[in-house]
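These are the residues of each chain, in order.
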Amino acid sequence: MPELRRVLANGVELNVALSGSGPAVLLLHGFPHTWELWTDVMADLSARYRVIAPDLRGFGASGRAASGYDAGTLAEDAEALLTTLGVSSAAVVGIDAGTAPAFLLALRRPGLVRRLVVMESLLGRLPGAEGFLADGPPWWFGFHSAAPGLAETVLEGHEGAYVDWFLDAGTLGDGVRPALRDAFVRAYTGRQALSCAFSYYRALPESALQIEQAVATARLTVPTMALGARPVGSALERQLRPVADDLTGHIIEDCGHIIPLHRPRALLTLLRPFLAGEDARAV
């Protein structure tokens, strides 16, 4: 089992799971997840790597910050966490809400991020996702970012059913193990937990602006792998293609949004050679 540690980073106390030894790999989860999204991945990677998997600020057992849910601040959290842990170089892996912070960290600090893996998310308003967004963004984006407090009021007392919908949809109906399901439900139960999670969505316009400003002045130079499944597919790869110098893209077939839990073996088949610096294109 990973070691759980409380780490003060960028003014927020983060709950961090740590496992293994070797080169550092930082794993950034999304919604409605916690660090436990990476359970199967950590068990494998920790044989060769020092795996670091925090709950993002406001999520899970991390501090309930009043602000700072934009991608730029979340990237600063990640950088501060690595610094506090004495890490000078890390591969960074992000999914969903963790993708934009991972991207900005790699763009801003290429000396710190040796490799980047991003999956199943969009990077703000960057070109390339027009097909995916043809019918508008997913419905929950609007619901979560509507009038402050509305989504919390509607969902309080019904968190389990709401989280279950995302877990079922994100695994194409297969669902996740009961223990993980219960952990995710606990993490998102209560008005304060919901409000923190929805603050990420309410900060999306600010995050999109940060991404646009960042790519206007810098290119993504670190080796990057973009992974897609259902529903995002190749949209993220298409967004990255014009701004990345070294990009590999893959689609994981018959896989839902929650790649690390739905198809961990397929994910690891791609992650292992890429993190080791081998040519993942041939996988």
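Residues numbered from 1 in each chain as written. Predicted model: local features only at pLDDT ≥ 70, side-chain atom pairs only at ≥ 80, totals over all residues. Heavy atoms only, no water.

A.B. asks: What's the story with the layout of surface pockets in this structure? I'm lost.
C.D. replies: In this approach a probe as big as a water molecule rolls over the atoms, and the regions it shows empty are the leftover space. By volume, the largest pocket amounts to about 810 Å³. Of all the elements, helix 9 (residues 204-217) adds the most residues to the lining of the largest pocket, at five residues. The residue inventory of the lining of the largest pocket, partitioned by class, reads 25 nonpolar, eight polar and five charged. (1 Å grid on protein atoms, 1.4 Å probe; cavity = no way out; pocket = protein on both sides within 12 Å on 5 of 7 lines; lining within 4 Å. Points joined across faces, edges and corners; volume = space filled by probe spheres on them. Helix = DSSP H or I, 4+ residues; strand = E, 2+ residues; numbered from the N terminus. Nonpolar A, V, L, I, M, F, W, Y, C, P; charged D, E, K, R; others polar.)

A.B. asks: Looking at this structure, how should I read the packing of aromatic side chains?
C.D. replies: Think of a pair of aromatic rings as described by two things: how far the centres are apart, and how the planes are tilted against each other in angle. Applying the stated criterion to the full structure yields 18 aromatic pairs. Each ring, one from Phe31 and one from Tyr201, has its centre 5.7 Å from the other, and the planes form 85°; the classification is edge-to-face. Highlighted residues: Phe31 in the loop between strand 3 (24-28) and helix 1 (39-45) and Tyr201 in helix 8 (residues 191-202), separated in sequence by 170 residues. The exposure classification of Phe31 matches that of Tyr201, with both residues buried. (Phe/Tyr/Trp six-rings, centres within 6.5 Å; stacked < 30°, edge-to-face > 60°. Buried < 20%, exposed > 50% of the residue type's maximum accessible area, 1.4 Å probe, protein only.)

A.B. asks: I tried to follow the confidence of the model for the chain on my own but got confused; where do I start?
C.D. replies: One rule of thumb: low pLDDT means the predicted coordinates there are not for detailed reading. Per-residue confidence for the chain gives a mean pLDDT of 96; residues scoring 70 or more make up 98%. In this model residues 279-283 is a low-confidence stretch, pLDDT under 50, and it forms twelve contacts with partners more than four residues away in sequence or in other chains. (pLDDT = per-residue confidence, 0-100. Contact = heavy atoms within 4.5 Å.)

A.B. asks: Honestly, the pattern of salt bridges in this entry has me stumped. Any pointers?
C.D. replies: Two side chains with opposite charge may pair up if their charged atoms get near one another. Evaluation of the coordinates by the stated rule reveals 14 salt bridges. Residue Asp40 pairs with Arg177 through a salt bridge whose shortest N-O separation is 3.2 Å. Pair noted here: Asp40 is in helix 1 and Arg177 is in the loop between helix 6 (159-169) and helix 7 (178-187), with a separation of 137 residues, a long-range link. A relative accessible area of 23% places Asp40 in the partly exposed class. The partly exposed category is assigned to Arg177, whose relative accessible area is 41%. As a salt-bridge pair, Asp245 and Arg219 come within 2.7 Å of each other at their nearest N and O atoms. (Salt bridge = Lys/Arg side-chain N within 4 Å of Asp/Glu carboxyl O.)

A.B. asks: I would appreciate a short explanation of the sheet that holds strand 3 in the present structure.
C.D. replies: Remark on secondary structure: sheet strands pair via backbone hydrogen bonds, oriented parallel or antiparallel. Read across the open sheet, the eight strands follow the order 1-2-4-3-5-6-7-8; overall the sheet is mixed. Each end of this open sheet is capped by a strand with a single partner; those strands are strand 1 (3-9) and strand 8 (247-256). Here the average twist between neighbouring strands, direction ignored, is 20°. Of the strand pairs in this sheet, strand 7 (residues 224-230) and strand 8 are connected by six bridges, and their pairing is parallel. The partner of Leu227 across the bridge, within strand 8, is His250. Contacts from helix 2 (residues 71-84) reach strand 1, strand 2 (12-19), strand 3, strand 4 (50-54) and strand 5 (90-95) within the one sheet, and its direction differs from that of strand 1 by about 115°. Packing against the sheet, helix 3 (residues 99-108) makes contact with strand 3, strand 5 and strand 6 (113-119), and its axis sits at approximately 155° to strand 6. (Pairing = 2+ DSSP bridges. Axes fitted to C-alpha atoms, helices over the stretch in contact; angles between N-to-C directions.)

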